[in-house]
Each structure stands twice: as C-alpha cells, then as structure tokens.
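So you can see what is in the structure, the chains are spelled out below.
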Amino acid sequence: MYDYLLGGVQNFEADREAARQLLQAFPDAADTARSNRLFLSRAVRTLAEDGICQFLDLGSGIPTQGNVHEIAQAIDPAIRVLYVDIDPVAVVASNQILMGNPACRAIEADFTHPHLILDALTAGDLSNVIDLDRPTALLYCSVLQLVSDDLIDSVVAPIRDRLVPGSALVISHPGTAVTDGYDESSLSSVAEVYRTKAAAEIVMRSDDQLAALFKGFTFMEPGLVSINEWRPELGEPDPYVSKSMPSPMRGAVAVRY
Ligand SMILES: C[S@@+](CC[C@H](N)C(=O)[O-])C[C@H]1O[C@@H](n2cnc3c(N)ncnc32)[C@H](O)[C@@H]1O
C-alpha cells in the first residue's frame, strides 16, 4: 500500500485496491506518505552531516526514491546502513539495489523481537555493517503505530538503550496532536481499511506517549513536531506546505549525550 501511495511499482492488485480504499477514507494518504519520506531524508542528511557513520533502519520498506543509504552515502560514502523488514519482497528489492555496495545490507526480521535483532547484530558478519559500540542512528519511521501500547516499551527499549553516546533516534508516527482535529468517521474508516486489508491495528499516540519513546535522548531542534515542520528548509517542499492542517505524522530526531 505504502509503495503504491509513493508511486512505486513493487505492489500487487490487492495492495492497490487497499490503497484506493485508504485514499477514499483519507484523501491525504499519498501526501502523508511522501511527506514522511521527505522527513526521513532531512533527518538522515542531518545526522550524516553530524558524523554518524551507521544507520539501523527498522521497518525500512520497499526501496523508493531517496533511500537512506543514497542520502547518507552522498555525504560520506563510507556510511553503513542495515535495512530490516518483515516483508521478504522489501528485503529482496533492497538487496538488489545494494548489490556492489558492501557497506549496506537488508535482512528479513521482525522488529517486535528486538533481542533477536540484537543477537543477529553481534553474530556473524552483520557486525561489519552495524557495530553497536559505535554511534548509530536508529530509525523507526512510520512503523511503531503497528505496535500496541502494552508492547511498545518492550519493543523499543532494548535496542534504544543499547545505543552508545553520540547515537541518534528518529521516529515518525501518526499523532493524536493532529488527528484529534479530524472527524471521527474518517478516522474509523482508515482504521477499518488497515484492519480488513492489512490485518493491522493502527495506534495513534499523543505527544506525551511519543516523547516517552525517546527516553535517555535529547531532542534536536525543533523537537517533536508535525514532520513537515521539522527543518523544512533542508529539503524540497513538503506537500503539506499548501494545506490548512499539518501532517498527522509527528516526528523528532534525538541524540544520546
Ligand atoms: C509504512 S512502511 C514505512 C517504510 C519506511 N520506514 C518509511 O518510513 O518510508 C512500514 C514498513 O514496516 C514493515 N514492518 C511492519 N511490521 C514490521 C515488523 N514487525 N518488523 C519489521 N518490519 C515491519 C512493513 O513491511 C513496511 O515495509
């Protein structure tokens, strides 16, 4: 669905039909997806320019325009990226575009089992991609809304708390700070599309709940905001620039000192 909304070609008719239903319930869905990718680009560029040399992208998705390794390696070709996704299509497509780029890799794994990901990073040759004893940028972009409130801390804390000083955490996430202004019926239609077409329950979170996910980290300016408001001057114009309401996605970049 996300790939189709971004204008990609790695999707099936069932994905397109689900995305069309989502667009009926929430006509901004494609702009929200595009805005999310633009936020991710600005965050990665900022962190690469600040000298972070390795990126761990959890729920990385199907490769699209402006992939993390392309943005980061344009600043420093030695930057290493590990993409992690539960979807084998995303992993195969990612490894295809990473051929000839030994500093980067994609693996199939479930980020809701963080201890398995930590084990994978310390065993075998993945430690050549991500060395957790060095500053690492951990990316959770548009993924944690798939995790229920009772699990969210146990999903995020193990990897977040393992990161050494100098590391960074990037999260984008649908937030009630904006969606509380939407009408109830369109929100429940969106939830219904995800429930019936993607077997997923979407959890919107308040700014307080999102801020708690950054425990131990300090926000970079401008803090936790609608993602189109995060350093917009660093990238190309966001689709929300001409809309009356900001993106429903809230996001921040934070650093461990
Ligand atoms: C909306 S896309 C976001 C892609 C990318 N992070 C971005 O911001 O553009 C969500 C991705 O998360 C992946 N995903 C969902 N649940 C996951 C899980 N438990 N473990 C790993 N990946 C997961 C999906 O397969 C999908 O590729």
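Here, the structure is the one placed above.
Not measured: the values here are computed from a predicted model. (Residues numbered from 1 in each chain as written. Predicted model: local features only at pLDDT ≥ 70, side-chain atom pairs only at ≥ 80, totals over all residues. Heavy atoms only, no water.)

Visitor: Explanation requested: the overall build of the protein in the structure shown.
Guide: Along its length, the protein carries ten helices and eight strands. Here the C-alpha radius of gyration of the protein, 17 Å, is about what a compact globule of 257 residues would show, namely 18 Å. Dimensions of the protein, computed from C-alpha atoms along their principal axes, come out at roughly 50 × 40 × 35 Å. Burial status across the protein gives 52% buried among its 257 residues. Within the protein, residue pairs in contact and separated by at least 24 positions form 77% of the contacts whose partners lie at least 6 positions apart. Surface accessibility of the protein: about 11,500 Å² in total, with carbon and sulfur atoms responsible for 54%. Computed over 19 positive and 35 negative side-chain charges, the inter-centroid distance for the protein is 3 Å. (Helix = DSSP H or I, 4+ residues; strand = E, 2+ residues; numbered from the N terminus. Rg over C-alpha atoms; globule rule 2.2 N^0.38 Å. Buried < 20%, exposed > 50% of the residue type's maximum accessible area, 1.4 Å probe, protein only. Contact = heavy atoms within 4.5 Å. Areas by Shrake-Rupley, 256 points an atom, 1.4 Å probe, with all protein chains shown as cover. Lys, Arg positive; Asp, Glu negative; His and termini not counted. Charge placed at Lys NZ, Arg CZ, Asp CG, Glu CD.)

Visitor: What exactly am I supposed to notice about the packing of helix α6 (residues 114–122) against helix α7 (residues 152–162) here?
Guide: Each pair of packed helices gets described by two things: the angle between the helix axes and the distance between those axes. Packing of α6 against α7 brings their axes to within 8 Å, and their N-to-C directions diverge by 30°. By the angle class used here, α6 and α7 are roughly parallel. Here α6 contributes Pro114, His115, Ile117 and Leu118 to the contact with α7, which in turn contributes Ser154, Val155, Pro158, Ile159 and Arg162. Here the contact of α6 with α7 is built from residues that sort into six nonpolar, two polar and one charged. (Axes fitted to C-alpha atoms, helices over the stretch in contact; angles between N-to-C directions. Parallel < 35°, antiparallel > 145°, perpendicular 65-115°, else oblique. Nonpolar A, V, L, I, M, F, W, Y, C, P; charged D, E, K, R; others polar.)

Visitor: Looking at this model, I keep getting lost on the environment of Ala48. Mind explaining?
Guide: Structurally, the position occupied by Ala48 is in helix α3 (residues 29–49). Taking C-alpha positions, Ala48 is 25 Å from Ala212, a pair spaced 164 residues apart along the chain. Apart from the residues lying within four places of it in its own chain, the contact partners of Ala48 are Phe55, Ala72, Ile75 and Ile79.

Visitor: Would you mind going over the side chain of Thr179 with me for this structure?
Guide: Structurally, the position occupied by Thr179 is in helix α8 (residues 176–179). Beyond its immediate chain neighbours, meaning those up to four positions away, Thr179 contacts Leu187, Met204 and Pro248.

Visitor: Just checking my understanding: could you explain the nonpolar core for this structure?
Guide: One recurring pattern in soluble globular proteins is that nonpolar side chains are buried together. With 32 residues, the main nonpolar core has Leu56, Leu58, Leu82, Phe111, Leu138, Tyr140 and Leu144 as its most contacted residues. Listed by contribution, the elements that provide at least two residues to this core are β1 (54–58), β2 (80–85), α6, β4 (137–141), α7, β5 (168–174) and β8 (249–255). In terms of residues, this core owes the most to one element, α7, which gives four residues. Ignoring any residue separated from it by four or fewer positions in sequence, one finds Leu58 in contact with Val84, Phe111, Ile117, Leu138, Leu139, Tyr140, Val143 and Ile159. Counting 31 residues, the second-largest nonpolar core is a separate cluster that includes Cys104, Val170, Val225 and Met249. (Core = buried A, V, L, I, M, F, W, Y, C linked by side-chain atoms within 4.5 Å.)

Visitor: Even after reading the chapter, I still don't get the site of the ligand, so can you show me in this structure?
Guide: Lining the immediate surroundings of the ligand are 17 residues, of which Tyr2, Arg37, Gly59, Asp85 and Asp110 lie closest. Within the backbone of Gly59, one N or O atom sits 2.7 Å away from a nitrogen atom of the ligand. Alone, the ligand offers 600 Å² of accessible surface; in the complex the protein occludes 85% of this. The residue inventory of the shell around the ligand, partitioned by class, reads seven nonpolar, six polar and four charged. (Near = heavy atom within 4 Å. Polar contact = N/O pair within 3.5 Å; in protein donor to acceptor, adjacent residues only side chain to side chain.)

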